[in-house]
Amino acid sequence: MEKILFIAHTQSDGTLPNVAREALSAAVDLSKKLPGSSFVAGIIGQEANQAADSIASCGAAGFLSVTGAEFAVSRYATDAAAVEALVRQTGATLVVAPTTSRFSRALPGVVQRVQGRIETHISGMDIVEGSLQIQRWYYRQRMVATLTRAQRPWFLVIDGGVFPAWQGEPGSANAENVAVQLAADTLRTQVIGVQAPSTNTQTIRPEAEVLFVAGAGWTKKQADGQLHLKDAEELILGFLKNCNASLGSSKSLVDQSVEGEAVLPFMSHLNQVGQTGSTPRHPKGLATCCHGEEPHAVGWRFINERRAINTDANCGWAQGKADVLYVADAFQVMAKVNELLAQ
Amino acid sequence: MNGGFHIVVCGSIVPDPLQTLAPIEGPTGPALKNELMLPAVLDPWAGHALYEAANLAKNVPDSKVWLVSLGPKAKLQQLMMSIAQKVSFELVVLDGPAGGFTDPCEVAAALAGGINGIAGLDRSRLLLFGGCSSASRDAGVTMQMVAEQLGIGDQFLGVDELTIQADGSMKLLERIEGGQYQVSTCTGAPAMLAWATGNLPEPPNNPQIGMMNMRTVMPALQKAQPAPVGAAGVSYLGVELPKQRRETRIVKDLSVDEVAREIVEWLKG
Ligand SMILES: Cc1cc2nc3c(=O)[nH]c(=O)nc-3n(C[C@H](O)[C@H](O)[C@H](O)COP(=O)(O)OP(=O)(O)OC[C@H]3O[C@@H](n4cnc5c(N)ncnc54)[C@H](O)[C@@H]3O)c2cc1C
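Residues numbered from 1 in each chain as written. Chains lettered and ligands numbered in written order. Predicted model: local features only at pLDDT ≥ 70, side-chain atom pairs only at ≥ 80, totals over all residues. Heavy atoms only, no water.

### Description of the domain arrangement of chain A
Residue and element names in this part refer to chain A. Just so we agree on the cut-off: Each domain's limits were defined by an automated method or a database of domain assignments. Should any heavy atoms of two residues lie within 4.5 Å, those residues are counted as being in contact. Salt bridges are defined as contacts in which a side-chain nitrogen from Lys or Arg sits within 4 Å of a carboxyl oxygen from Asp or Glu. Under this definition, polar contacts are N or O atom pairs within 3.5 Å; protein pairs additionally need one hydrogen-donor-capable and one acceptor-capable atom, and for neighbouring residues in sequence, both atoms have to be side-chain atoms. Residues are grouped as follows: Ala, Val, Leu, Ile, Met, Phe, Trp, Tyr, Cys and Pro are nonpolar; Asp, Glu, Lys and Arg are charged; every other residue, Gly included, is polar.
Domain annotation for chain A reports domain 1 (3-187) and domain 2 (199-341). Each of domain 1 and domain 2 has a C-alpha centre, and these two points are 35 Å apart. Each partner contributes to the interface: domain 1 provides nine residues, whereas domain 2 provides nine residues. The interface formed by domain 1 and domain 2 holds one salt bridge in total. Residues E294 and R142 are paired through a salt bridge, measuring 4.0 Å at the closest nitrogen-oxygen approach. The tally of links between domain 1 and domain 2 comes to seven residue pairs in polar contact (both at pLDDT 80 or more). Here the residues of the side of domain 1 that touches domain 2 are counted per class, giving two nonpolar, four polar and three charged.

### Points about the sheet that holds strand β14 (residues 234-240) of chain B
What counts here: For two strands to count as paired, DSSP must find a minimum of two bridges between them. Helix and strand assignments follow DSSP, with helices taken as H or I runs no shorter than four residues and strands as E runs no shorter than two, numbered in order from the N terminus. For helices, the fitted axis covers only the stretch in contact; all axes are lines through C-alpha atoms, and the angles between them, taken along N-to-C directions, range from 0 to 180 degrees.
Strand order in this open sheet of ten strands is β9(A)-β3(A)-β2(A)-β1(A)-β4(A)-β8(A)-β5(A)-β6(A)-β7(A)-β14(B), and the pairing throughout is mixed. Where the open sheet ends on each side, the last strands, each with one partner, are β9 (176-177) of chain A together with β14 of chain B. Bridging between strand β3 (residues 62-67) of chain A and β9 of chain A involves two bridges; their strand directions are parallel. Paired with L64 of chain A across the two strands is E176 of chain A, which belongs to β9 of chain A. Relative to the sheet, helix α4 (residues 101-113) of chain A contacts β1 (3-9), β2 (38-45), β4 (94-98), β5 (117-128) and β8 (154-158) of chain A, its axis offset from that of β1 of chain A by approximately 140°.

### Brief notes about the interface of chain B and chain A
Keep this limit in mind: Values labelled buried area give the accessible surface lost by two parts on being combined, using a 1.4 Å probe and summing over both.
Counting residues at the interface gives 89 residues for chain B, matched by 87 residues for chain A. Counting each side, the surface lost to burial between chain B and chain A is near 7600 Å², with a carbon and sulfur contribution of 58%. Summed over the three residues of chain B that lose the most area to chain A, namely R246, W266 and L267 of chain B, the buried surface amounts to 11% of that side. Joining chain B to chain A, the criterion identifies eight salt bridges. Across the contact surface, chain B and chain A share 50 residue pairs in polar contact (both at pLDDT 80 or more). For the side of chain B that touches chain A, the secondary structure elements donating two or more residues are α1 (44-59), α4 (142-149), β9 (155-164), β10 (170-176), β11 (180-186), β14, β15 (249-251) and α6 (256-268) of chain B. Top element by residues in the side of chain B that touches chain A is α6 of chain B. It accounts for eleven residues. Class assignment of the residues belonging to the side of chain B that touches chain A gives a composition of 43 nonpolar, 26 polar and 20 charged. Inspection of the sheet shows strand β7 (residues 143-149) of chain A paired to β14 of chain B by six bridges, in the antiparallel sense. Bridge pairing in β14 of chain B places R149 of chain A opposite V234 of chain B.

### Quick look at the packing of aromatic side chains
Rules: For this analysis, a ring pair means two rings from Phe, Tyr or Trp (six-membered ring only for Trp) whose centres lie within 6.5 Å, classed as stacked if their planes differ by under 30 degrees, edge-to-face if by over 60, and tilted for the remaining angles. Burial here depends on accessible area, computed with a 1.4 Å probe over protein chains only, as a share of the maximum for the residue type. Under 20% is buried, over 50% is exposed, and the range in between is partly exposed.
Under the defined criterion, the tally for this structure stands at nine aromatic pairs over all chains. Centre to centre, the rings of F101 of chain B and Y236 of chain B are 5.5 Å apart; their planes meet at 90°, and the pair counts as edge-to-face. Here F101 of chain B is found in the loop between β7 (90-95) and α3 (104-116), whereas its partner Y236 of chain B is found in strand β14, with 135 residues between them in sequence. Across this residue pair, the class does not change: F101 of chain B and Y236 of chain B are buried. Ring pairs connect the aromatic residues Y138 and Y139 of chain A together with F101 and Y236 of chain B, which therefore count as one cluster.

Written as structure tokens, this is what we have:
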């Protein structure tokens, strides 16, 4: 009989992040499909009632919380202590959690403490003949595996965009507070705050409908033998504004800033998509001046519809990586696209 | 803290990302086709950790860098031909599989064991470095598990910047949601930093560094401990390549205006 524990942490405003509601859907689903299982939810944060109440009708038999000023911020020592307390208190065999930067840092150490096992970046779950099977990708989205495991507790960290966000009526969860003893050296780390990578506009928008990828072609000499960095900057930022898109980049383009060449000032490594960058989820993606080499294109695994603009008809996108490749000059096309979008 | 940092970097090999990878059923579970023949590179994020470690050691007197690698000995030896020319380190080799289908718990236990065996390592000065995620398993959990086994309670994931402040404390930037950084301070070593890209370019090859490193690299390879890590308790029910390539429509003879109109329709559709 599995004991399912769903865990989440609050955001600074006391609410649950969307990915937490998605992971909650997964936990609810598991509890329905695993006969005889029990289901409890645990919330960590400065204060947990608002978040617990917002999911009061999810079907959990009980709600636990770890609260206090120390748990307001994302810090390994306090988060690990909080999760450990919840897991021990419930004797959970399956711990379902959302992929957040906070949990990604804290959960593996807890797994070590409770001698459990962990699967991260889960992209699918199924119950087959009473046994839980999960899917996750290997080799940076090159291949997908289905697996199950014998060990418990088993931590299941669910990627965003896999399950629909849980929706339901708020209520009164009456979350029971779990006391956590913090060791004296728990607060060696102090969280100062959050900083945007550059002083420029916020270009990474995980919720955007469209991912716009800029490649190194934007900063290369064009047909007239000249660089057109200012035009590139205006066209890219113009499109982001008109379309409310999220900005991705190839490695070659962001590496230029490290190597000190003239570049696009609003780009940083955080924009990089691919093998050594991110694998964002968006319904649509438009690649411009980017060759579409495999180490880049693996980062497009979760972009459903893909189009590219490249002057080279033999670029990587033509090799089955995009739905449509426009063999055209991206400077010209994007100027016109911006004009149309602005109308 | 007396003296500089003792920086231990965990990092191993992954297949060159330009290679085509195909899964096969091996004797002990899934594996890659021709795994031992595939050209390998230093796992990229672990590589950034190594370059950051070397740079830190250069700037903080009396510091030292170790590289702890779990992988097939022969492949690590090949890797050393290039990596050992880039930055100074002392190598510790654990001879075992480096593929993605091993369990991070087993890998972390082997790495922690290897680190525990380093003679002269001062735990009070220890900075444990590694990549925030491997390009093989891509789980992003191994470093935290190693750190936990070494009793390190200050951990940072997705680090892009470490600054040692005037009072000896550390200031860190970690990647968080929405393309932002969390800024934290930590009173000092011991701590674990799992690096993202950092801020340094790949150092050029320097044959002199290579000569110096080779004095310890060869003996380290010779006395490599076997580390037969696997994935006990895991049943892989299937490993597949993603379905079907896309049928790319290549549009060559539309005018700029027509292309733009088609794109806008698609974006709005
Ligand atoms: C270990 C490793 C990890 C890597 N990880 C990543 C990763 O995470 N992400 C990543 O992106 N790459 C990664 N790479 C690098 C990858 O192999 C490619 O080198 C890189 O993606 C190329 O970037 P690019 O397409 O922007 O540049 P280029 O290859 O220089 O291509 C520029 C493109 O712009 C086009 N172009 C130029 N002008 C125009 C114009 N006016 N209109 C339209 N098109 C134009 C050109 O035709 C060309 O196709 C990695 C490589 C290695 C070895």
